[in-house]
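# Structural features, examined
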Number of protein chains: 2
Amino acid sequence: MITITDVAKHAGLSRATVSRVINNRPYVSEEKKKLVRNAMDKLGYYPNSSAQRLRNQKTNIIGVLVPRLTNPFFINIIEGIEKIAAESGLQLLICQTKSDKQKELNYFTLLRTKQVDGIILTSLENDWEQFSPYVDYGPVILCNEYYENATVPMIRLNQYEGSYIGARHLIDRGHRKIGYCGGGSTSGLSKDRKRGLKKALEEAGLSLNPNWIFHKRYSIEDGRELMKEITAMEDRPTAIFTNSDEVAAGIIKESKELGLKVPDDLAVIGFDNQPIAELIEPRLTTIDQPSEEIGEKAMETMVAVLNQQKIDTNLKGLNLKLIVRDST
Amino acid sequence: MITITDVAKHAGLSRATVSRVINNRPYVSEEKKKLVRNAMDKLGYYPNSSAQRLRNQKTNIIGVLVPRLTNPFFINIIEGIEKIAAESGLQLLICQTKSDKQKELNYFTLLRTKQVDGIILTSLENDWEQFSPYVDYGPVILCNEYYENATVPMIRLNQYEGSYIGARHLIDRGHRKIGYCGGGSTSGLSKDRKRGLKKALEEAGLSLNPNWIFHKRYSIEDGRELMKEITAMEDRPTAIFTNSDEVAAGIIKESKELGLKVPDDLAVIGFDNQPIAELIEPRLTTIDQPSEEIGEKAMETMVAVLNQQKIDTNLKGLNLKLIVRDST
DNA sequence: GTGAAAGCGCTAACAC
DNA sequence: GTGTTAGCGCTTTCAC
């Protein structure tokens, strides 16, 4: 392996000077700079990042926790994060929690072992109480998910509003028996979505039937199962509000096998506005989330925090948009 | 920050002994082991990985290059890679090349700056000639894509066969005017897919019409554009063989807007067997690829290489399977 | 079994 | 402007 010492020798200079050139530090004459550059080229020198990291006590890597890579919504967030990261010369370490509490917590050792300079969380499995002790080991930022009482910066969407306009849409379409398929965790997002729905129902003099509340459904397959469950009920909702386009797509797919018509027999509203929402038939009415945008904001915030800038921890949420298509 | 020195002091022992305990080395008495463990717990000590990496001259990180994270096929490969990586105590650094030649090449600096111990490539933008000089900087393994003349281990699928059975299926259905939408790069995969198609055509006394060959289409949007192009032709194919379910889905979607019937006006065959293939209507006939499996094999090979085991560079390809649904 | 000491490759005071 | 030197936190001879 070629080291800085080799380059120094080859250029007839000291390691300090070579280091200055590598890091674009001032106080090096053009002449010596050229000498160093030549030596580096000739020897094919590349600085050893482990050594740099040990010396500088930072890695320039940010850990990004997502539930799973199969969900386009999180890929979009990553896209936004990556864009800003690249601009700031930071790398990403992408970690799948698989929606597992323990895995999520374990990834905080990245911070403790100094493998990353900070962590961005896009989903939350644990309660804030579980997290809070880990937050001392380095900057942590929440992106998408949030807690009311967390003390770290949170980049969030206006889930309460989003859920409200979705529910209103169903009510305006004449539905009075509305089911809900949502997270059911203790996070702010999860609570706010349910709150928004309830608010809309209440305003219309309706209430949320406990039999029509379904938790922890994420995938297309989950959606299909859910549809089977619903079909088996005596008293069925006429519309269902879901937490993701995947679940909604599963419901629609299964409804066809079951010989039921969407939206006539069951109206379905998704969440995310993924590509699949356009592809499936009937096309999915859904709530569009500016996912890439929150990714960008989260990373910008991380950069600010790493630069010791003070920032507001609880930023106001961005707005969501209802996309009306054919499933409602 | 708590260092090994702190732990040593606290336990009243030397740093060497602490290090032995951390790394489960023999020749430490149970008594002292306990002393060290207690000190580590009490102080909340975690070893600094930059220091470990510098000292050990390895990172235990493998770089994985994929074109983009939005493609489920590559996510599946990653899933397989990750499974074996976890078992071997290795971490993954996932990198998107965005199908950019330069970006792909740039990621090899990860190897040169010792940020990763090895690289797994799942797609190829550059020719083998471009790559070969970089291969000296550390272990490189090809997974999915391959070159005939490459000197690195290659985990591959039997693309020639896969393409052949797909084309045969189309021919058996009575099609004589078959279009092809494929990579068009110099990689073995790209060449073999075209070869398999040509072989099937030849056997049936047909040939590939140059007007019906389309390159570099990857996304749903690309598929829609492609369908528009095809529709605008005077002499149109009656069936099209695509390189991915996304493109195929785009074709189907657009055909509906255009008022054309799949498969009657145009039969479409996909590649990958992604979730979308089941969801879209008509459901997609496609070639199933054991993507997770090649990911696993690739990582197993990487582990073997890192352990200095000799391995065969050009392993025989795994077989592909035709899934017949409604689009053909 | 245990410890002292050297050194992985790099950067940054500090001296000149 | 440039070089000398110390040290980031860790592991591993080598001596005892």
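Look up: the structure comes first, before these words.
Fair warning: this is a prediction, and the values are worked out from it, not measured in the lab. In every chain, residue numbers begin from 1 and rise along the written sequence. Chain letters start at A and ligand numbers start at 1, both assigned in the order the entries are written. Thresholds applied to this predicted model are a pLDDT of at least 70 for local features of residues and 80 or more for the giving and counting of side-chain atom pairs; totals over whole chains, interfaces and linings are not thresholded and use all residues. Excluding hydrogens and water, the side-chain figures rest on all heavy atoms present in the structure.

Residues and elements named next belong to chain B. Axes here mean lines fitted to C-alpha atoms, for a helix over just the part in contact, with angles spanning 0 to 180 degrees between N-to-C directions. The way it works is that DSSP assigns letters per residue, a run of H or I at least four long becomes a helix, a run of E at least two long becomes a strand, and they are numbered from the N terminus. The contact between helix H11 (residues 220–231) and helix H12 (residues 245–257) brings their axes to 6 Å, and the two run at 50°. Relative to H12, the element H11 is oriented oblique. Where H11 crosses over H12, the handedness of that crossing is right-handed. Mapping the contact onto sequence places Ile220, Gly223, Arg224, Leu226, Met227 and Lys228 in H11 and Glu246, Val247, Gly250, Ile251, Lys253, Glu254, Ser255 and Glu257 in H12. Note that Gly is not counted as nonpolar here; it falls among the polar residues with everything else outside the nonpolar set of Ala, Val, Leu, Ile, Met, Phe, Trp, Tyr, Cys and Pro and the charged set of Asp, Glu, Lys and Arg. Counted by class, the contact of H11 with H12 contains 5 nonpolar, 3 polar and 6 charged residues. In these notes the angle categories are as follows: under 35 degrees is roughly parallel, over 145 is roughly antiparallel, 65 to 115 is roughly perpendicular, and the rest is oblique. Two helices cross in a left-handed way if the nearer one is turned anticlockwise from the farther one by less than a right angle. They cross in a right-handed way if the turn is clockwise. In what follows, residue pairs with any heavy atoms lying within 4.5 Å of each other are defined as contacts.

What follows concerns the protein's contact with DNA strand C. We call a residue near a given molecule or strand whenever any one of its heavy atoms falls within 4 Å of it. Surrounding DNA strand C, one finds 29 residues, the nearest of these being Ile4, Tyr45 and Arg55 of chain A together with Thr17 and Arg20 of chain B. Close to the protein, within 4 Å, the atoms of DNA strand C are drawn from sugar and phosphate at a rate of 61%. Here a polar contact is taken to be a pair of N or O atoms separated by no more than 3.5 Å, where protein atoms must pair a possible hydrogen donor with a possible acceptor and residues adjacent in sequence count only if both atoms sit in side chains. In the environment of DNA strand C, a base nitrogen lies 3.1 Å from a nitrogen or oxygen atom belonging to the side chain of Arg15 of chain B. The residue makeup of the surface near DNA strand C, split by class, is 11 nonpolar, 10 polar and 8 charged.

What follows covers the pattern of salt bridges. Pairing between side chains of opposite charge can happen when their charged atoms approach one another. Should a side-chain nitrogen of Lys or Arg be within 4 Å of a carboxyl oxygen of Asp or Glu, the pair is scored as a salt bridge. If you walk through the whole model with that rule in mind, you get 34 salt bridges over all chains. A salt bridge links Lys83 of chain A to Glu296 of chain A, with the nearest nitrogen and oxygen atoms 3.4 Å apart. Placement of Lys83 of chain A in helix H5 (residues 72–87) and of Glu296 of chain A in helix H14 (residues 291–306) is noted, with a sequence separation of 213 residues between them. Of the charged contacts, one joins Glu148 of chain B and Lys191 of chain B as a salt bridge, the two residues approaching to 3.5 Å between their closest N and O atoms. With Glu148 of chain B in the loop between strand E4 (140–144) and strand E5 (154–156) and Lys191 of chain B in helix H10 (residues 188–203), this residue pair connects regions lying 43 residues apart in the sequence. Assessed through its relative accessible area of 38%, Lys191 of chain B is described here as partly exposed. In the salt-bridge network here, residues are joined through shared partners; they are Arg168, Asp172, Lys199 and Glu203 of chain A. Relative accessible area decides the class of each residue, using a 1.4 Å probe on protein chains only: under 20% of the type maximum gives buried, over 50% gives exposed, and in between gives partly exposed.

Moving on: the side chain of Arg112 of chain A. Its location among the elements puts Arg112 of chain A in helix H7 (residues 109–112). In contact with Arg112 of chain A, not counting residues within four places along its chain, are Tyr134 and Tyr137 of chain A together with Gly44 and Tyr46 of chain B.

So, about the protein's contact with DNA strand D. Near DNA strand D there are 29 residues, and of these Arg20 and Ser29 of chain A together with Ile4, Tyr45 and Arg55 of chain B occur at the shortest range. Each atom of DNA strand D within 4 Å of the protein was assigned to sugar, phosphate or base; sugar and phosphate come to 59%. The side chain of Arg20 of chain A places a nitrogen or oxygen atom 2.5 Å from a base oxygen of DNA strand D. Residue Gln52 of chain B places a side-chain N or O atom 3.1 Å away from a phosphate oxygen belonging to DNA strand D.

A word on the packing of helix H9 (residues 159–172) of chain A against helix H10 (residues 188–203) of chain A. Residue and element names in this part refer to chain A. Axis separation between H9 and H10 bottoms out at 7 Å; the angle between their running directions is 35°. In the packing of H9 onto H10, the handedness of the crossing is right-handed. Residues Gln159, Tyr160, Ser163, Tyr164, Ala167, Arg168 and Ile171 of H9 form the contact with H10, whose own contacting residues are Leu189, Asp192, Arg193, Arg195, Gly196, Leu197, Lys199, Ala200, Leu201 and Glu203. Considered class by class, the residues forming the contact of H9 with H10 number 8 nonpolar, 3 polar and 6 charged.

Residue and element names in this part refer to chain B. A large share of strand E6 (residues 178–182) lies buried, amounting to 5 of its 5 residues. Burial of E6 is two-sided: the residues Ile178, Tyr180 and Gly182 facing one way and the residues Gly179 and Cys181 facing the other way are all buried. When DSSP finds two or more bridges between two strands, those strands count as paired. Bridge count for E6 against strand E8 (residues 239–242) is 4 bridges, and the pairing is parallel. By the bridge assignment, Tyr180 is partnered in E8 with Phe241. As paired elements, E6 and strand E7 (residues 213–215) share 3 bridges and run parallel to each other. Across the sheet, Cys181 pairs through a bridge with Phe214, a residue of E7. In this fold, the crossover linking E6 to E7 by way of H10 has right-handed handedness. Crossover handedness is defined here as right-handed if the route from the first strand over the helix to the second strand goes clockwise, with the strands pointing away from the viewer.

Turning our attention to the sheet that holds E5 of chain B. Residues and elements named next belong to chain B. Strand order across the open sheet formed by 5 strands is E2-E1-E3-E4-E5, with parallel pairing between neighbours. Each end of this open sheet is capped by a strand with a single partner; those strands are strand E2 (91–96) and E5. If you compare each strand with its neighbour and ignore which way they point, the axes differ by 20° on average. Both strand E1 (residues 61–66) and strand E3 (residues 118–121) contribute to a ladder of 4 bridges, which runs parallel. Within E3, the position partnered with Gly63 by the bridge is Ile119.

This part covers the interface of chain A and chain B. One frequently used descriptor of interface size is the decrease in accessible area upon assembly of the parts. With 41 residues of chain A at the contact, the number on the chain B side is 41 residues. The junction of chain A with chain B conceals about 3,700 Å² of combined surface from both sides, 54% of it contributed by carbon and sulfur atoms. At the boundary of chain A and chain B, one finds 4 salt bridges. With a closest N to O distance of 2.7 Å, Lys98 of chain A and Glu79 of chain B form a salt bridge. Put simply, buried area is the surface a 1.4 Å probe can reach on two separate parts but cannot reach once they are joined, added for both.

Here we come to the environment of Val305 of chain B. By secondary structure assignment, the location of Val305 of chain B is in helix H14 (residues 291–306). Those residues in contact with Val305 of chain B, other than ones at most four positions away along the chain, are Pro139, Ile141, Pro153 and Ile311 of chain B.

Turning next to the relation of the copies chain A and chain B. Mapping chain A onto chain B is achieved by rotating through 180° and translating by 0.0 Å along the same axis, at an RMSD of 0.1 Å. In symmetry terms, the pair is related by a two-fold rotation axis. Taken as a fraction of all interface residues of chain A, those also at the interface in chain B reach 100%, which identifies the copy contact as same-surface. The superposition of copies rests on a least-squares fit of C-alpha positions from residues with pLDDT of 70 or more in both.

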